[in-house]
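Overview (structure and organization)
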Amino acid sequence: DAGITQSPRHKVTETGTPVTLRCHQTENHRYMYWYRQDPGHGLRLIHYSYGVKDTDKGEVSDGYSVSRSKTEDFLLTLESATSSQTSVYFCAIKDDRSLGEQFFGPGTRLTVL
Amino acid sequence: DQQVKQNSPSLSVQEGRISILNCDYTNSMFDYFLWYKKYPAEGPTFLISISSIKDKNEDGRFTVFLNKSAKHLSLHIVPSQPGDSAVYFCAARLRPLTSNAGGTSYGKLTFGQGTILTVHP
């Protein structure tokens, strides 16, 4: 158990509404990541963080923003949800000392109607 | 542009036989490779990794092979068990940059599309 939780685990929302997903870790790791998983695309990086208030864009960042005000929390916000953002969202963490292994949370299934 | 590709969407294998999952990459700047396993309704779990300075890494029933000249890696599972039925993702890490402070790639990974492995009893 890598000590990662995600909330909510499931959410249904309507187009145009704001949505915030939370990732919480108990490991005190510097690196945190948000991915989305879609059929035929695998896991794609949305945003990542390398410290408190230090974040950067991944390959599919349009329509998403993130914030990290505490080491343990990494928030992903959809300012105005669209149907194309229906997906399963995973948060991951990485130990500073590891070469590349990331450990994933259980995921959030988001449906935008 | 898909830099990491798993060209087989699915693979079906009989219990006890070998499962071979393949992954190809295009970026020669990748220097560390990983395999993840994912069950339905769960997050991916790390399985095994290999550095680009090696060509083989073994962990129990799982072996990863790396062919750098072909930009190809494979995961062998021997013997396969029904509990191995899952989606398998390969992933690759870019060599850390030396031009930025700390010489880090921030641990970012690029994933393939995944292969669904089904092991029949």
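For the structure, check the block above.
If you're wondering where the values come from, they're calculated on a predicted model, not measured in any experiment.

Let's talk about the overall build of chain A
- Along the backbone of chain A there are 0 helices and 11 strands.
- Ordered by position from the N terminus, the helices and strands of chain A form the series β-β-β-β-β-β-β-β-β-β-β.
- Over its C-alpha trace chain A gives a radius of gyration of 13 Å, about what one expects of a compact globule, namely 13 Å for 113 residues.
- With respect to the principal axes defined by its C-alpha atoms, chain A has extents near 40 × 30 × 25 Å.
- Residue pairs in contact within chain A that sit at least 24 positions apart in sequence constitute 54% of those at least 6 positions apart.
- Surface accessibility of chain A: about 5300 Å² in total, with carbon and sulfur atoms responsible for 48%.
- Averaging the coordinates of the 13 positive side-chain charges in chain A and doing the same for the 14 negative ones gives two points 2 Å apart.

Thoughts on the interface of chain A and chain B
- Listed by partner, the interface residues are 22 residues for chain A and 20 residues for chain B.
- Summing both sides of the interface, chain A and chain B together bury roughly 1700 Å²; the carbon and sulfur share of this comes to 61%.
- Remark: the boundary between chain A and chain B carries 0 salt bridges.
- Applying the counting rule to chain A against chain B returns 4 residue pairs in polar contact (both at pLDDT 80 or more).
- Elements with a contribution of two residues or more to the side of chain A that touches chain B: strand 4 (31–38), strand 5 (42–51), strand 9 (87–94) and strand 10 (102–104) of chain A.

Here's the deal with the packing of aromatic side chains
- Counted according to the given criterion, the structure contains 14 aromatic pairs over all chains.
- When the ring of Phe104(A) is compared with that of Tyr36(B), the centres are 5.5 Å apart and the planes differ by 85°; the resulting orientation is edge-to-face. With Phe104(A) in strand 10 and Tyr36(B) in strand 4 (residues 30–38), the pair connects residues from two separate chains. The exposure classification of Phe104(A) matches that of Tyr36(B), with both residues buried.
- Centroid distance Phe104(A) to Phe111(B): 6.1 Å. Interplanar angle 75°. Geometry classified as edge-to-face.

Describing the pairing of strand 4 of chain B
All names here are of chain B.
- Summarising burial for strand 4: 9 of the 9 residues are buried, a large majority.
- Pairing of strand 4 with strand 9 (residues 86–94), which is carried by 8 bridges, proceeds in the antiparallel orientation. Bridge assignment links Tyr36 to a residue of strand 9, and that residue is Phe89.
- As paired strands, strand 4 and strand 5 (residues 45–51) are joined by 6 bridges and run antiparallel to one another. Bridge assignment links Tyr32 to a residue of strand 5, and that residue is Ser51.
- Counting the residues that bridge the hairpin from strand 4 to strand 5 gives 6 residues, and of these Ala41 lies at a positive phi of roughly 65°.

What about the state of the cysteines?
Residue and element names in this part refer to chain A.
- By the definition in use, this model includes 2 disulfides over all chains.
- The side chain of Cys23 participates in a disulfide bridge whose partner is Cys91; the two sulfur atoms lie 1.9 Å from each other. Disulfide Cys23 to Cys91: torsion about the S-S bond roughly -70°, handedness left-handed. Here Cys91 lies in strand 9 and Cys23 lies in strand 3 (residues 19–25), a separation of 68 residues in the sequence. Here Cys23 matches Cys91 in class, with each residue buried.

Thoughts on the environment of Ser84(A)
All names here are of chain A.
- Along the polypeptide, Ser84 turns up in the loop between strand 8 (73–78) and strand 9.
- In the structure, Ser84 is positioned 28 residues away from Val112 in sequence and 7.9 Å away in space, judged by C-alpha atoms.
- Of the polar contacts made by the side chain of Ser84, one reaches the side chain of Thr82; its length is 2.9 Å.

Observations concerning the sheet that holds strand 1 (residues 4–5) of chain B
Residues and elements named next belong to chain B.
- Strands sit in the order 1-3-8-7-6 across an open sheet of 5 strands; the sheet is antiparallel. Each having just a single partner strand, strand 1 and strand 6 (56–59) make up the two edges of the open sheet.
- With 6 bridges connecting them, strand 7 (residues 62–67) and strand 8 (residues 72–77) associate as antiparallel partners. Across the sheet, the residue bridging to Thr63 is His76, located in strand 8.

What counts and what doesn't
Residues numbered from 1 in each chain as written. Chains lettered and ligands numbered in written order. Predicted model: local features only at pLDDT ≥ 70, side-chain atom pairs only at ≥ 80, totals over all residues. Heavy atoms only, no water. Helix = DSSP H or I, 4+ residues; strand = E, 2+ residues; numbered from the N terminus. Rg over C-alpha atoms; globule rule 2.2 N^0.38 Å. Contact = heavy atoms within 4.5 Å. Areas by Shrake-Rupley, 256 points an atom, 1.4 Å probe, with all protein chains shown as cover. Lys, Arg positive; Asp, Glu negative; His and termini not counted. Charge placed at Lys NZ, Arg CZ, Asp CG, Glu CD. Buried area = accessible area lost by both parts, 1.4 Å probe. Salt bridge = Lys/Arg side-chain N within 4 Å of Asp/Glu carboxyl O. Polar contact = N/O pair within 3.5 Å; in protein donor to acceptor, adjacent residues only side chain to side chain. Phe/Tyr/Trp six-rings, centres within 6.5 Å; stacked < 30°, edge-to-face > 60°. Buried < 20%, exposed > 50% of the residue type's maximum accessible area, 1.4 Å probe, protein only. Pairing = 2+ DSSP bridges. Disulfide = S-S within 2.5 Å.

Any link to function would need more than the numbers given here.
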